[in-house]
Amino acid sequence: MATRSGHRGFAAVWDWMSRHEPRSEKELRARTAGGCRGLTLEFGFGVGANWSFLPPQVDYVGIEPDAYMRSRAAHHERPKTRSFDLRDGDAQALEIPDASVDTVLATFVFCTIPDAAAALREARRVLRPDGQLRFCEHVRPAGRVSGRATDVLAPPWSRLAGGCHPNRRTLAVIEAAGFELTELERTRIGPLPAILGVARPAPGAPQEG
Ligand SMILES: C[S@@+](CC[C@H](N)C(=O)[O-])C[C@H]1O[C@@H](n2cnc3c(N)ncnc32)[C@H](O)[C@@H]1O
């Protein structure tokens, strides 16, 4: 039985925002989720904003540790995927066997997971050698002043936004976890730079950090 833990206020805000997302953000979701194949594991599905973009042939497993997000997701339309399984779970410590997943889907989640590097190492562990990580994430601005501004803003932002950090260098963390990029596009989500891409497990052991 799910424990009632999470960010009640932020889940309500995210639910509203997901239902009123601009077309440009829906397109980013469509391009990220629309390319999933095989057994697909979504990290932190939130209120289920990616579900309508999933191809029907996938077998879907979604994990989400926030009970308020999960209960709001329950009111969203289920996708017509081949199978559909929602779990209370933590991307930093997956209860999923090694090399068993074809796609890991992650949107706007590595900004929030406390230890994004650990979650990415777990993604690499559970992905088959020919599997793919599909991601869309906002990241720290490259400029000295704008980057520093997000460092200063991070603590209050994080308190208001369910643990989100506006200053994560997520691309470097993806590569350090043992992934090679096969597609990468730089875009913006509101005021923040964002990255949209696909990565595959690099051969050999992942680096630390
Ligand atoms: C900004 S929301 C994004 C939700 C969804 N991915 C989307 O694109 O709409 C961040 C999500 O990450 C989830 N999250 C936080 N820590 C997590 C963890 N350790 N494992 C998996 N998900 C986590 C939060 O509960 C929240 O649902």
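It should be emphasised that the depicted structure is a prediction, and the values quoted were computed from it without experimental measurement.

Conventions and cut-offs
Residues numbered from 1 in each chain as written. Predicted model: local features only at pLDDT ≥ 70, side-chain atom pairs only at ≥ 80, totals over all residues. Heavy atoms only, no water. Helix = DSSP H or I, 4+ residues; strand = E, 2+ residues; numbered from the N terminus. Rg over C-alpha atoms; globule rule 2.2 N^0.38 Å. Buried < 20%, exposed > 50% of the residue type's maximum accessible area, 1.4 Å probe, protein only. Contact = heavy atoms within 4.5 Å. Areas by Shrake-Rupley, 256 points an atom, 1.4 Å probe, with all protein chains shown as cover. Core = buried A, V, L, I, M, F, W, Y, C linked by side-chain atoms within 4.5 Å. Polar contact = N/O pair within 3.5 Å; in protein donor to acceptor, adjacent residues only side chain to side chain. Pairing = 2+ DSSP bridges. Axes fitted to C-alpha atoms, helices over the stretch in contact; angles between N-to-C directions. Near = heavy atom within 4 Å. Nonpolar A, V, L, I, M, F, W, Y, C, P; charged D, E, K, R; others polar.

> Can you lay out the overall build of the protein chain for me, pointing to particular residues and giving the numbers?
Scanning the protein chain for helices and strands turns up six helices and seven strands. Its helices and strands taken in sequence order, the protein chain reads α-α-β-β-α-β-β-α-β-α-α-β-β from the N to the C terminus. A compact globule built from 209 residues should have a C-alpha radius of gyration of about 17 Å, and the protein chain, at 16 Å, falls within 12% of that. Once the C-alpha set of the protein chain is aligned to its principal axes, its extents read approximately 45 × 40 × 35 Å. For the protein chain, buried positions account for 51% of its 209 residues. Counted over contacts in the protein chain with a minimum sequence separation of 6, partners at least 24 positions apart contribute 70%. Only carbon and sulfur atoms are counted for the fraction: they give 55% of the accessible area of the protein chain, which is about 10400 Å².

> Go over the nonpolar core, please, and point to the residues and values.
Within the largest apolar cluster, 28 residues are counted, with the highest numbers of intra-cluster contacts made by Leu41, Phe43, Val104, Phe110, Leu133 and Phe179. Broken down by element, the residue count for this core peaks at five residues, all from helix α4 (residues 116-126). Here Leu41 is in contact with Val61, Ile63, Leu94, Ile96, Val101, Thr103, Val104, Leu105 and Val126, once residues within four sequence places are set aside. Counting residues in each nonpolar core, the second largest holds nine residues, with Leu54, Tyr60, Ala73 and Leu105 among its members.

> Outline unusual backbone geometry, supporting the account with residue identities and numerical values.
In this model, Ala99 sits at a positive phi of 45°, which is unusual for a non-glycine residue. Positionally, Ala99 belongs in the loop between β3 (83-87) and β4 (101-107). A positive phi angle, near 50°, is found at Phe108, a position not held by glycine. Mapped onto the elements of the fold, Phe108 is located in the loop between β4 and α4.

> Go over the side chain of Asp59, please, and point to the residues and values.
Along the chain, Asp59 turns up in strand β2 (residues 59-63). Side-chain polar atoms of Asp59 contact the side chain of Arg82, separated by 2.7 Å. Within the structure, the side chain of Asp59 is placed 2.6 Å from the side chain of Ser83, a separation counted as a polar contact. When neighbours within four sequence positions are excluded, Asp59 is seen to be in contact with Gly38, Leu39, Thr40, Arg82 and Ser83.

> Tell me about the sheet that holds strand β6 (residues 179-189), residues and numbers included.
Strand order in the open sheet made by the seven strands is β3-β2-β1-β4-β5-β7-β6, with mixed pairing throughout. In the strand order of this sheet, the two ends are held by β3 and β6, each with one partner. Direction aside, the axes of adjacent strands within the sheet are offset by 15° on average. As paired strands, strand β1 (residues 39-43) and β2 are joined by five bridges and run parallel to one another. Bridged to Phe43 within β2 is Ile63.

> Any chance you could break down the site of the ligand for me, citing the residues and the numbers?
Taken together, 19 residues are adjacent to the ligand, and Trp14, Gly44, Glu64, Asp90 and Thr107 come closest. With respect to the ligand, the side chain of Trp14 contributes an N or O atom lying 2.8 Å from an oxygen atom. With respect to the ligand, the side chain of Thr107 contributes an N or O atom lying 2.5 Å from an oxygen atom. Residues of the shell around the ligand, tallied by class, amount to ten nonpolar, five polar and four charged.

What is shown is where atoms sit, not what they do.
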